[in-house]
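Listed here are the chains, written in short residue letters.
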Amino acid sequence: DIQMTQSPSTLSGSVGDRVTITCRASQSISNLLAWYQQKPGKAPKLLIYDASSLDSGVPSRFSGSGSGTEFTLTISSLQPDDFAAYYCQQYNIYPFTFGQGTKLEIK
Amino acid sequence: QVQLVQSGPELKKPGASVKVSCKSSGYTFTAYNINWVRQAPGQGLEWMGSIGAYTGNTNIAQKFQGRVIMTRDTSTSTAYMELRSLRSDDTAVYYCAREWEGAVPLDYWGQGTPVTVSS
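So, a few notes on the structure that sits alongside this text. None of these values were measured; they are calculated from a predicted model. (Residues numbered from 1 in each chain as written. Chains lettered and ligands numbered in written order. Predicted model: local features only at pLDDT ≥ 70, side-chain atom pairs only at ≥ 80, totals over all residues. Heavy atoms only, no water.)

Section: the environment of A79 of chain B
Residue and element names in this part refer to chain B.
So, point 1. Among the structural elements, A79 can be located in strand 8 (residues 78–83).
So, point 2. Separated by 50 residues in the primary sequence, A79 and F29 place their C-alpha atoms 9.6 Å from one another.
So, point 3. With residues near it in sequence (within four places) discarded, A79 still touches V20, S21, C22, F29, I34, W36, T71 and R72. (Helix = DSSP H or I, 4+ residues; strand = E, 2+ residues; numbered from the N terminus. Contact = heavy atoms within 4.5 Å.)

Observations regarding the sheet that holds strand 4 (residues 33–38) of chain A
All names here are of chain A.
So, point 1. Strand order across the open sheet formed by six strands is 2-10-9-4-5-6, with mixed pairing between neighbours. The sheet is open, and its two edges are formed by strand 2 (10–13) and strand 6 (53–54), each paired on a single side.
So, point 2. Examined bridge by bridge, strand 4 and strand 5 (residues 45–49) share three bridges and lie antiparallel to one another. Along strand 5, the bridge assignment pairs Y36 with L46. (Pairing = 2+ DSSP bridges.)

Looking at the pairing of strand 8 of chain B
Residues and elements named next belong to chain B.
So, point 1. Relative to strand 8, strand 3 (residues 18–25) runs antiparallel, the two sharing six bridges. Bridging from a neighbouring strand, K19 pairs with E82 of strand 8.
So, point 2. Pairing of strand 7 (residues 68–73) with strand 8, which is carried by six bridges, proceeds in the antiparallel orientation. Bridge assignment links M70 to a residue of strand 8, and that residue is M81.
So, point 3. Remark: four residues form the turn of the hairpin made by strand 7 and strand 8, two consecutive strands paired antiparallel; S77 in that turn has positive phi of roughly 55°.

A closer look at the side chain of T91 of chain B
Residue and element names in this part refer to chain B.
So, point 1. Mapped onto the elements, T91 comes out in the loop between strand 8 and strand 9 (92–100).
So, point 2. From its side chain, T91 meets the backbone oxygen of S88 in a polar contact 3.0 Å long.
So, point 3. A polar contact is formed between the side chain of T91 and the backbone nitrogen of V117, at a distance of 3.0 Å.
So, point 4. Not counting chain neighbours up to four residues away, the residues in contact with T91 comprise A40, P41, V115, T116 and V117. (Polar contact = N/O pair within 3.5 Å; in protein donor to acceptor, adjacent residues only side chain to side chain.)

Rendered as structure tokens:
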């Protein structure tokens, strides 16, 4: 199975900050990587797919980049609604594996 | 609008089985796969497997092979996930999610079904 490793596990930020989350795959997954946001008690929400394509309705302050084994999710200017957990997922090869998650907290 | 509506909470004893349903509406059911993802309390997301709504073909994570059965009923646009031989560590929220194979991953999710396994 492909292992997905996210860093950091926890990230503190303030409104207006630029933050970056990294996701590494144990082998190349081309660009078949998605990012999800999850708030407590809610289902995950797709933010980005194909490493850099923004899903419909997702604010432009979210961006993704990378290919192969290294990927990043960047939030250019944190908003109060952005404090949540974030997960990467590869969908290149079954089983589709998730990273362990990054909790974005208010500083 | 696209909706995936799951069945309600379940309380099961160890060794029992649970069957969770996921009813889709607002899109062509057979054009997508349905994936199943679970989340234990305070933990991350775990992909369990997927079923092609048109073909009925499944891909199941090795961890669950032999214990999970995924089926679908195209006449009612409903997917099902049955987990057998339940253990306490199967206590989790189980989600279904739609996938456009080869194009867009899990873009719409069900609301989640809490399953508690306790004696």
